[in-house]
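Listed here are the chains, written in short residue letters.
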Amino acid sequence: MTEGLLLVGASGLAREILAAGITGVVGFVDDNAELHGTDVAGIPVVGTVDDAVTRDEALLVCVGPSGVRRNVVRRLLKAGVPEARFATYVARSARIGRTSTVKAGSILLDGVVVTADTSIGRHVVAMPNCVITHDCILEDFTTLAAGAAIGGFARIHEAAYIGMNASVRQSVVIGTAATIGMGAVVLGDVPHDQTWAGVPARQLEVTP
Ligand SMILES: CC(C)(COP(=O)(O)OP(=O)(O)OC[C@H]1O[C@@H](n2cnc3c(N)ncnc32)[C@H](O)[C@@H]1OP(=O)(O)O)[C@@H](O)C(=O)NCCC(=O)NCCS
């Protein structure tokens, strides 16, 4: 692997990571052909996601929506990208308790606090000022938008999305690919694939 980092997805999340002070970024890859040959935040867009496969920089997948991020990572793995190529980004002002763990591919932005004995999976994104308290499990590809707070022993299953400033009560289980609306107060378990919002949170009927 050569020096340098490619950001996969010239997204708002990618620009947030640049603004947070990440170093070593040499380019973006993005499937939007209109971006090819242009600069985003002063960094060149050098090709498509597939072009990343044959290059050899480390990769950071900067795609905000959980399910889309999971698809991009699966596509890269299927094309032969080894897990070892995925970088992790933890902003300098984020704080990870010494008994907590963060797996490869994850992105923790400014002011994120992970307290004790919590496990953060692969390709998790926690936006600024999220607080993830003790003994939580955030499975792979979960996303916490800015200011989300997760109580102790909560489990967030794969690819779930927790909206801005939502609060999840201790010991609650959020199902796979569930969505929690911004500002929600989640008091009980949320089944997979459902969208819940409000105070207290209730299921929203979302039109497919
Ligand atoms: C919950 C959410 C996913 C629903 O989105 P949606 O399916 O497009 O829903 P709509 O905007 O059509 O709203 C549907 C209904 O839910 C209500 N609603 C939407 N979001 C809500 C929320 N966060 N809290 C309470 N009610 C909400 C709307 O008022 C509307 O009610 P009505 O049918 O009585 O008029 C979305 O509003 C949300 O909160 N997303 C998270 C946003 C976020 O955190 N972004 C971070 C970006 S970095």
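Preceding block: the structure.
Source: prediction; values computed, not measured.

### Describing the overall build of the chain
Working step 1: Scanning the chain from terminus to terminus reveals 3 helices and 24 strands.
Working step 2: At 17 Å, the chain has a C-alpha radius of gyration in line with the 17 Å of a compact globule built from 208 residues.
Working step 3: By its C-alpha atoms, the chain is 50 × 45 × 30 Å across when sized along the principal axes.
Working step 4: Residues counted as buried form 39% of the 208 residues belonging to the chain.

### So, the site of the ligand
Working step 1: Taken together, 12 residues lie near the ligand, and Ala 145, Gly 163, Met 164, Gly 181 and Ala 197 sit nearest.
Working step 2: Class assignment for the residues of the shell around the ligand results in 6 nonpolar, 6 polar and no charged.

### Re the environment of Gly 111
Working step 1: Mapped onto the fold, Gly 111 is located in the loop between β9 (107-108) and β10 (113-114).
Working step 2: Judged by the 18 C-beta atoms lying within 10 Å of it, Gly 111 is partly exposed.
Working step 3: Here the alpha-carbon distance between Gly 111 and Met 127, two residues 16 residues apart in the chain, equals 8.6 Å.
Working step 4: The contact partners of Gly 111, leaving out residues within four places of it in the chain, are Ser 93, Ala 94, Pro 128 and Asn 129.

Quick notes on the rules
- Residues numbered from 1 in each chain as written.
- Predicted model: local features only at pLDDT ≥ 70, side-chain atom pairs only at ≥ 80, totals over all residues.
- Helix = DSSP H or I, 4+ residues; strand = E, 2+ residues; numbered from the N terminus.
- Rg over C-alpha atoms; globule rule 2.2 N^0.38 Å.
- Buried ≥ 20, exposed ≤ 12 C-beta atoms within 10 Å, placed from the backbone.
- Near = placed C-beta within 6 Å.
- Nonpolar A, V, L, I, M, F, W, Y, C, P; charged D, E, K, R; others polar.
- Contact = placed C-beta atoms within 7 Å.

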